[in-house]
Amino acid sequence: MKRFAGVVLVLAVLLLLPGRGFSQAPGTFTYIEQQIITASDPAAAVDESSLIAAINLYDPLLYPNVEKGSMEPRPHVAESWTLSPDGKVYTFKIRRGIKFHSGRDLTADDVVFSMDRALRMKKGFSWVWTPVLEPGRVRAVDPYTVRFELKDAYAPFLGSLLLFFILDKDLVMRNIRPGPYGEFGDYGVAFLERADAGSGPYRMERFDRATEMVMARFDGYWRGWKPNQLSRVSFKTVTEEATVKTLLLSGQADMVNQWLTVQGFRELRQAPGIVVKEDPSVQLFHLQMNTKKPPLDNLKVRQAIVAAFDYDTAIQQIFEGATKARGPVPVRVPGWNPKLPAMSRNTAKARQLLAESGVPAGALSIEYAYVVTLPLERQIGLLLKNNLEALGFKVEIRGEPWARIVELATRAETTPHITAIFDTLKYPHVDSHTYGMYHPSCWGTFRCMSFYENPKVTQVLEAARRATKPEEQTRLYQEAQAMIVADAPSIYVANPLHRIAFRDYVKGYRYVGLLGFDVAFYDFTISR
């Protein structure tokens, strides 16, 4: 009887799905993401959904060495490069024969245009380059040679170029509208909402931000094509976990994202024909505390919250298989500080710190925000609420769509007191989870909702970026980590396992750690 009821439930869910939205066209690979594609313009990409779109529609200058299971950069659009002795001048040789979807050859001018555009727009990951580059410092030496003249030596530069996607200059400039960028108008932003300007393995067929992006194989892709690779991809947004699981189980989806609960993946693993892939991650789950908003502008209050949280319950009961976080840098990232302690709940210490803070009990009201489509984050919120209300806090829990979280993060005034955030390594360097989260230049993104500010830390992080000797870089980044942890801008909870689920006929999936690069559809084949 129970089995019959389960079948009825699955059928009911399928019947309730929007008819057009989930009819899988023959030969179409369907990938499900639980958040909308926040940006189709690669210069604005910053989270998983937008990076997956960019990685499949565009080519970055360099690419992670996924074939060897490494995050380190290898040649891609740039086939080779040299570095000057002072560490400031990079010269890249551009691969010949790369075609844009428009049919144009990709040349050095497109590389220059794409970097200048990113620097002027100041969106996405532009903060990675603005300390050492400005428009005009990237030059085409000849049609297939580009020179980057940095202001200073810059430790994470090569790794950051995995996030630098090349656009078709001529196509973008033919489609500009009036906008805020002077002679460049809107820089093609409106155009890139309905088309792409890339050279990647897939071209955009259509895009509806709220529901779906459809990509079709670009036959002229420079790396060529092999039998059984994906010819068409439907990249759908589905927010409800129950629906996501049903689509995969019913065969209406071929792969689903990493954001299901541990219980959800456990259920899928038990189903025939489903693969649940688990890998150690370079991801941090933490609860960012807005250091500009009372009472969290008080260091002792933040330290009390850090001491009050029940880490062991979170790891053992909510994050199955996770490693307990030790500071902002995931423990698998070279440059992580191994001297940082693993935190445990200490209620007595929390009470003492609250007493020392001088903040009256009536002022201990905070709000906790989480992504409404992620039940795990709600579970963490309930645990935090229980821990803190035992100390006299009043905690309001509210779920928000991911797009709303991103919007709230733009200003300290609108950012909640505490926000649950998963933050995966963006480029293969410890800088990603130090400077990229705690330097004031990064304020205004979901990665920096603490609005943390410590002039000494800022100075150390800037010195680390300029250091040319690896051992000096490591020393400085580890020094910064220790100071950041002491200032308690976050509750560092877990380095979770990375999980993803797909049908067993999907081959070629590879996880190396960097956000989005495991969902490179070009790597997948179908073997039925």
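Residues numbered from 1 in each chain as written. Predicted model: local features only at pLDDT ≥ 70, side-chain atom pairs only at ≥ 80, totals over all residues. Heavy atoms only, no water.

Visitor: Residues and numbers for the overall build of the chain, please.
Guide: When helices and strands are counted, the chain shows 15 helices and 21 strands. Rg of the C-alpha trace for the chain: 23 Å, near the compact-globule value of 24 Å for 528 residues, within the 12% margin. Expressed as a percentage of its 528 residues, the buried residues of the chain come to 58%. Put simply, 70% of the contacts in the chain that link residues at least 6 apart link residues at least 24 apart. Taken as a whole, the chain presents about 20,700 Å² of accessible surface, with 52% of it coming from carbon and sulfur. Charge separation in the chain, taken as the distance between the mean sites of 64 positive and 56 negative side-chain charges, equals 2 Å. (Helix = DSSP H or I, 4+ residues; strand = E, 2+ residues; numbered from the N terminus. Rg over C-alpha atoms; globule rule 2.2 N^0.38 Å. Buried < 20%, exposed > 50% of the residue type's maximum accessible area, 1.4 Å probe, protein only. Contact = heavy atoms within 4.5 Å. Areas by Shrake-Rupley, 256 points an atom, 1.4 Å probe, with all protein chains shown as cover. Lys, Arg positive; Asp, Glu negative; His and termini not counted. Charge placed at Lys NZ, Arg CZ, Asp CG, Glu CD.)

Visitor: Describe the domain arrangement of the chain, naming the residues involved and giving the relevant values.
Guide: As far as domains go, the chain holds domain 1 (25-55 + 200-273 + 504-528), domain 2 (59-190) and domain 3 (283-497). Placing the centre of domain 1 and that of domain 2 at their C-alpha centroids yields a distance of 26 Å. Every contact between the two is made by 23 residues of domain 1 and, on the other side, 26 residues of domain 2. Together domain 1 and domain 2 conceal approximately 2,200 Å² of surface at their shared face, both sides included; 67% is due to carbon and sulfur atoms. Taken as a group, Trp222, Val512 and Phe517 account for 31% of the area that domain 1 buries against domain 2, more than any other trio of residues on that side. Connecting domain 1 to domain 2 are two salt bridges. (Domains from an automatic or database assignment. Buried area = accessible area lost by both parts, 1.4 Å probe. Salt bridge = Lys/Arg side-chain N within 4 Å of Asp/Glu carboxyl O.)

Visitor: Summarise unusual backbone geometry; cite the residues concerned and give the values.
Guide: Cis geometry marks the peptide bond from Pro294 to Pro295, where omega comes out at 0°. By the element assignment, Pro295 lies in the loop between strand E13 (283-289) and helix H8 (299-308). Phi is positive for Tyr187, close to 60°, though the residue is something other than glycine. Note on Tyr187: relative accessible area 0%, which makes it buried. The backbone phi angle of Phe451 is positive, close to 50°, even though this residue is not glycine.

Visitor: Go over the pattern of salt bridges, please, and point to the residues and values.
Guide: Under the definition given, this model contains 34 salt bridges. In this structure, the salt-bridge partner of Glu67 is Arg74, at a minimum N-O distance of 3.0 Å. Exposure remark for Glu67: the relative accessible area of 42% places this residue in the partly exposed category. Note that Arg499 and Glu278 form a salt bridge whose closest N and O atoms lie 3.0 Å from each other. Here Arg499 is found in strand E19 (residues 497-503), whereas its partner Glu278 is found in strand E12 (residues 274-280), with 221 residues between them in sequence. When its relative accessible area of 7% is taken as the criterion, Arg499 is described as buried. Glu278 gets classed as partly exposed once you look at its relative accessible area, which sits at 36%. When salt bridges that share partners are traced, they join Arg104, Asp110, Asp168 and Asp170 into one network.

Visitor: If you had to explain the packing of helix H9 (residues 311-318) against helix H11 (residues 375-389) to someone new, which residues and values would you point to?
Guide: Relative to each other, H9 and H11 sit at 150°, their axes nearing to 11 Å. Here H9 is positioned roughly antiparallel relative to H11, judged by the angle of their axes. The handedness of the crossing between H9 and H11 comes out as right-handed. In this structure, H9 uses Thr313, Ala314 and Ile318 to contact H11, whose residues at the interface are Leu376, Gln379, Ile380 and Leu383. Residue composition of the contact of H9 with H11, grouped by class: five nonpolar, two polar and no charged. (Axes fitted to C-alpha atoms, helices over the stretch in contact; angles between N-to-C directions. Parallel < 35°, antiparallel > 145°, perpendicular 65-115°, else oblique. Left-handed = near helix turned anticlockwise from the far one by under 90°. Nonpolar A, V, L, I, M, F, W, Y, C, P; charged D, E, K, R; others polar.)

Visitor: I'd like to hear about the sheet that holds strand E9 (residues 212-217), residue by residue, with values.
Guide: As summarised here, the arrangement of the seven strands in space is E8-E9-E10-E1-E11-E19-E12, forming an open sheet in which the pairing is mixed. Whereas interior strands pair on both sides, the edge strands pair on one side only; in this sheet they are strand E8 (202-208) and E12. With six bridges joining them, E8 and E9 adopt antiparallel strand pairing. Within E9, the position partnered with Phe207 by the bridge is Met213. Sheet strands touched by helix H7 (residues 262-269): E12 and E19. Its angle to E19, the strand with the most contacts, is close to 40°. (Pairing = 2+ DSSP bridges.)

Visitor: Please give an account of the environment of Pro338 that cites residues and values.
Guide: Within the secondary structure, Pro338 is located in the loop between strand E14 (323-324) and helix H10 (347-357). The exposure class assigned to Pro338 is partly exposed, which follows from its relative accessible area of 43%. In the structure, Pro338 is positioned 12 residues away from Arg326 in sequence and 8.0 Å away in space, judged by C-alpha atoms. Residue contacts for Pro338: discarding those within four places in its chain leaves Arg326 and Gln478.

Visitor: Give a description of helix H6 (residues 241-250) that names residues and reports values.
Guide: Most of H6 sits inside the fold, with seven of its 10 residues counted as buried. All of the buried residues in H6 are Glu241, Thr243, Val244, Lys245, Thr246, Leu247 and Leu248.

Visitor: Which residues make up the state of the cysteines, and what values do they have?
Guide: Throughout the structure, instances matching the rule amount to zero disulfides. In this structure Cys442 is not part of a disulfide, and its nearest cysteine sulfur, from Cys448, lies 4.4 Å away. In this structure Cys442 comes out as buried when scored by relative accessible area, which is 1%. (Disulfide = S-S within 2.5 Å.)

Visitor: Please set out the nonpolar core residue by residue, giving values where relevant.
Guide: Membership of the largest hydrophobic core comes to 165 residues, with the highest contact counts inside it found for Leu61, Phe148, Leu287 and Phe521. Tallying contributions element by element places helix H3 (residues 108-121) first for this core, with eight residues. The residues touching Phe148, leaving out its near neighbours within four places in the chain, are Leu61, Lys88, Val89, Tyr90, Phe92, Val111, Met115, Leu133, Arg137, Val138, Phe157 and Phe164. Among the nonpolar cores identified, the runner-up in size contains 14 residues, and Ile32, Val244, Leu248 and Ala271 belong to it. (Core = buried A, V, L, I, M, F, W, Y, C linked by side-chain atoms within 4.5 Å.)

Visitor: Which residues make up the pairing of strand E1 (residues 28-33), and what are the values?
Guide: Here E1 lies mainly inside the structure; six of its six residues are buried. Burial of the side chains of E1 extends over both faces: Thr28, Thr30 and Ile32 are buried on one face and Phe29, Tyr31 and Glu33 on the other. Pairing of E1 with strand E10 (residues 232-237), which is carried by six bridges, proceeds in the parallel orientation. Directly across from Thr28, in E10, lies its bridge partner Arg232. Bridge analysis of E1 against strand E11 (residues 255-256) gives two bridges, and the strand direction is parallel. By the bridge assignment, Tyr31 is partnered in E11 with Met255.

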